[in-house]
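# Inside the fold
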Amino acid sequence: WKRIHEARYMVGGLLLLHAATGVVLSSYLSKVPQGAADKILGIAQAFQRDERADKVNLVVGAYRDGGGSPWVLPTVREAEQRLIARGQNKEYASIVGVPAFLDRALEFAYGPGCTALSEGRVAAVQTLSGTGACRLAADFYARFLPPGTAAYVSEPTWPNHIPIFETAGLEVRKYRYLGADGRFDVEGMLEDIGQAPAGSVFVLHACAHNPTGVDPTAADWKRISDALLAAGQHILVDMAYQGFASGDARRDAAALSLLAEAGHSLALAQSFAKNFGLYGERVGSLSLVCADAAEASRVESQLKLLIRPMYSSPPIHGALLVNEVLSDAALRAQYDDECASMARRISDMRALLVAELSAAGSQRDWSHVTDQIGMFAYTGLTAAQCDALMEEHAVYLTRDGRISMAGVNEQNAGVIAAAIVAVAG
């Protein structure tokens, strides 16, 4: 027995000493390299470590009220109290999630008049918010599309889109989106759609494009839809800001409705983090529009086979909250008002920041800040200017010049403006 505990073992080519001897084991873990910090969350962590009292966080896309505090929607509070009052249990959901939530979520996204929904040919599963929906879609594409299929993302895009698809095994390419003038480059995008191999996957932002805040017009969307159909491309719509962008959920989903009715090979990654304030609940869905109900059943069966070894089933609490709000007419009407109020505050902060920049003496044209929509403003600041803002002024933002407008309020807008003028003029 003593010899067993003192024995040395060869594991993975490295010499180990048994822990019972009190000697620290040497293993393959000693060779694991330090990973790079996330481009967004790494900066958010640096903000947390900063001890300066006047620091400002414009990094992470999470809504804040006028006082800079997180806001739990009153309708969400009410829904939560209802769940508690009726003794909601904590049983597992099925692999696909909470069925009632999925019904309400799909109607919220596609609209009550959606042909595919009424014909029962939309396959859907609950996911770990929008990120989980994108990753599940990527795994599905990798399994069922031909080897070598590429995923096209906008230039620029949400940084996490790229590793999501690469990790699933797809090549990631980019299509033109933001022009040198800071406006949507529709002609460049259309040309790239036409030149991409047929059967590629195009990842589109439904509204409030992240990070630019620059959206196509309704006429642009029609041209994009026609070009994608003509080129035989697949579409994944990432919809993280429905209702939060304009304050009108149906308006924000207009592009999705257009694509669904046009007959595309279409999937939707849907999130309830921003528009319901359910950031930590991880509530979302992935849906695919199919040719008929039988096809939808087969697609759902394959999504379940991907989910089961990945996380087995999704969390239920956030899904039950969304279902409670969207199933009650009075709560739904109140929710619409609450969501619109968030959109209004973001719009007001855009105007306030531009006014403060002018008051601080900036000679630059900042009209693009008020022209953009949604959570973020794409300022046009360089990486060096962003570094200076963080290092010299404790104003934290991502190094591509993106700022979260939710972090701007009446108390800090002047401070932010003065810092920007100090580094950028």
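Everything quoted here is computed from the prediction, not taken from an experiment. (Residues numbered from 1 in each chain as written. Predicted model: local features only at pLDDT ≥ 70, side-chain atom pairs only at ≥ 80, totals over all residues. Heavy atoms only, no water.)

## A short note on the packing of aromatic side chains
- As enumerated under the stated definition, the model contains 15 aromatic pairs in all.
- Here Phe140 and Phe144 contribute two aromatic rings whose centre-to-centre distance is 4.9 Å and whose plane-to-plane angle is 45°, an arrangement assigned as tilted. With Phe140 and Phe144 both in helix H6 (residues 129-144) and four residues apart, this pair spans about one turn of that helix.
- Here Phe140 falls in the buried class, since its relative accessible area comes to 11%.
- Put simply, the rings of Tyr63, Trp71, Tyr241, Phe244 and Phe376 pair up and form one aromatic cluster.
- The residue whose ring lies beneath Lys55 is Phe47, and the NZ or CZ to ring-centre distance is 4.4 Å.
- The aromatic ring of Phe376 is capped on one face by Arg402, whose charged end is 3.6 Å from the ring centroid. (Phe/Tyr/Trp six-rings, centres within 6.5 Å; stacked < 30°, edge-to-face > 60°. Helix = DSSP H or I, 4+ residues; strand = E, 2+ residues; numbered from the N terminus. Buried < 20%, exposed > 50% of the residue type's maximum accessible area, 1.4 Å probe, protein only. Lys NZ or Arg CZ within 6 Å of the ring centre and 35° of its normal.)

## A look at the pattern of salt bridges
- Under the definition given, this model contains 16 salt bridges.
- Between Glu171 and Arg173 there is a salt bridge; the shortest N-O distance is 3.0 Å.
- A relative accessible area of 42% means that Glu171 is categorised as partly exposed.
- When its relative accessible area of 28% is taken as the criterion, Arg173 is described as partly exposed.
- The partner of Asp192 in a salt bridge is Arg176, and the shortest N-O contact between them spans 2.9 Å. With a gap of 16 residues between them, Asp192 in helix H8 (residues 186-195) and Arg176 in strand E6 (residues 171-176) connect regions that are remote in the sequence.
- Three or more residues are tied together by salt bridges with common partners; here these are Glu78, Arg82, Arg86, Glu324 and Asp328. (Salt bridge = Lys/Arg side-chain N within 4 Å of Asp/Glu carboxyl O.)

## Observations concerning the packing of helix H4 (residues 99-110) against helix H14 (residues 317-327)
- Running from N to C, H4 and H14 cross one another at 60°; their axes reach a closest spacing of 9 Å. By the angle between their directions, the pair H4 and H14 is classed as oblique. When you trace H4 past H14, the crossing you get is left-handed. For the pair H4 and H14, the contacting residues are Ala100, Phe101, Arg104 and Phe108 in the first and Ala319, Val322, Asn323, Leu326 and Ser327 in the second.
- Looking at the contact of H4 with H14 residue by residue, the classes come out as six nonpolar, two polar and one charged. (Axes fitted to C-alpha atoms, helices over the stretch in contact; angles between N-to-C directions. Parallel < 35°, antiparallel > 145°, perpendicular 65-115°, else oblique. Left-handed = near helix turned anticlockwise from the far one by under 90°. Contact = heavy atoms within 4.5 Å. Nonpolar A, V, L, I, M, F, W, Y, C, P; charged D, E, K, R; others polar.)

## Notes on helix H9 (residues 218-231)
- Between its terminal C-alpha atoms H9 stretches 20 Å, which fits the 20 Å expected from 14 residues at 1.5 Å a residue.
- Taken as a whole, H9 has its buried residues at Asp220, Trp221, Ile224, Ser225, Ala227, Leu228 and Ala231. Buried positions in H9, seen along its axis, are confined to an arc of 165° and lie on one side of it. Those residues of H9 that are exposed and aimed more than 90 degrees away from the buried face are Ala218, Ala219 and Ala230.
- With its phi angle positive at about 70°, Gly232 sits one or two positions after the end of H9. (Expected span 1.5 Å × (residues − 1). Arc of directions from axis to C-beta.)

## Thoughts on the nonpolar core
- Counting 137 residues, the largest nonpolar core has Tyr110 and Phe165 as its most contacted members.
- No other element matches helix H18 (residues 413-424), which puts eight residues into this core.
- With sequence-adjacent residues up to four places away left out, Tyr110 is seen in contact with Leu117, Val122, Arg250, Leu256, Ser257, Ala260, Leu268, Ser287 and Val289. (Core = buried A, V, L, I, M, F, W, Y, C linked by side-chain atoms within 4.5 Å.)

## Let's talk about the pairing of strand E4 (residues 122-128)
- E4 sits mainly inside the fold: six of its seven residues count as buried.
- Pairing analysis gives seven bridges linking E4 to strand E10 (residues 283-289), with the strands arranged antiparallel. By the bridge assignment for E10, Val125 is matched with Leu286. (Pairing = 2+ DSSP bridges.)

## A word on the state of the cysteines
- Counting across every chain of the model gives zero disulfides.
- Distance from the sulfur of Cys339, which forms no disulfide, to the nearest cysteine sulfur (Cys207) is 9.8 Å. (Disulfide = S-S within 2.5 Å.)

## Focus on the confidence of the model for the protein
- In this model, the protein carries a mean pLDDT of 93, and residues with pLDDT of at least 70 account for 94%.
- Here residues 1-15 is modelled with pLDDT under 50, and outside its nearest four sequence neighbours on either side it reaches 21 contacts, counting other chains as well. (pLDDT = per-residue confidence, 0-100.)

## Side note on the pairing of strand E8 (residues 234-239)
- By the criterion of burial, E8 is predominantly enclosed, with six of the six residues buried.
- Here E8 shows a buried face lined by His234, Leu236 and Asp238 and a second buried face lined by Ile235, Val237 and Met239.
- Two elements, strand E7 (residues 201-205) and E8, share five bridges in a ladder whose sense is parallel. For His205, the partnering residue across the bridge sits in E8 and is Asp238.
- Since E7 and E8 lie parallel, the crossover through H9 that links them has a hand, and here it is right-handed.
- The pairing of E8 with strand E9 (residues 265-271) spans six bridges and is parallel. For Met239, the partnering residue across the bridge sits in E9 and is Gln270. (Right-handed = clockwise from strand over helix to strand, strands pointing away.)

## Re empty space enclosed by the protein
- Scanning all chains against the criterion turns up one cavity of 30 Å³ or more.
- Of the volumes computed, that of the largest cavity is approximately 40 Å³.
- Residue lining of the largest cavity: Tyr175, Tyr177, Met189, Leu204, His205, His209, Pro216 and Trp221, and that is the complete set.
- Of the residues belonging to the lining of the largest cavity, the class tally is six nonpolar, two polar and no charged. (1 Å grid on protein atoms, 1.4 Å probe; cavity = no way out; pocket = protein on both sides within 12 Å on 5 of 7 lines; lining within 4 Å. Points joined across faces, edges and corners; volume = space filled by probe spheres on them.)

## A look at the layout of surface pockets
- For the largest pocket, the calculated volume is near 1,000 Å³.
- Ile40, Trp158, Pro159, Asn160 and Asn210 are the residues nearest the centre of the largest pocket, which is lined by 43 residues in total.
- Listed by contribution, the elements that provide at least two residues to the lining of the largest pocket are helix H2 (41-49), H6, strand E5 (150-155), helix H7 (161-167), helix H12 (273-276) and strand E11 (376-378).
- For the lining of the largest pocket, the element with the most residues is H6, which contributes four residues.
- Residue composition of the lining of the largest pocket, by class: 20 nonpolar, 13 polar and ten charged.
- Empty space within the second largest pocket amounts to approximately 700 Å³.
- Looking at the lining of the second largest pocket, the elements that each hand over two or more residues are H9, helix H10 (249-252), helix H11 (254-262) and helix H16 (367-371).
- Grouping the amino acids of the lining of the second largest pocket by side-chain chemistry returns 15 nonpolar, eleven polar and eight charged.

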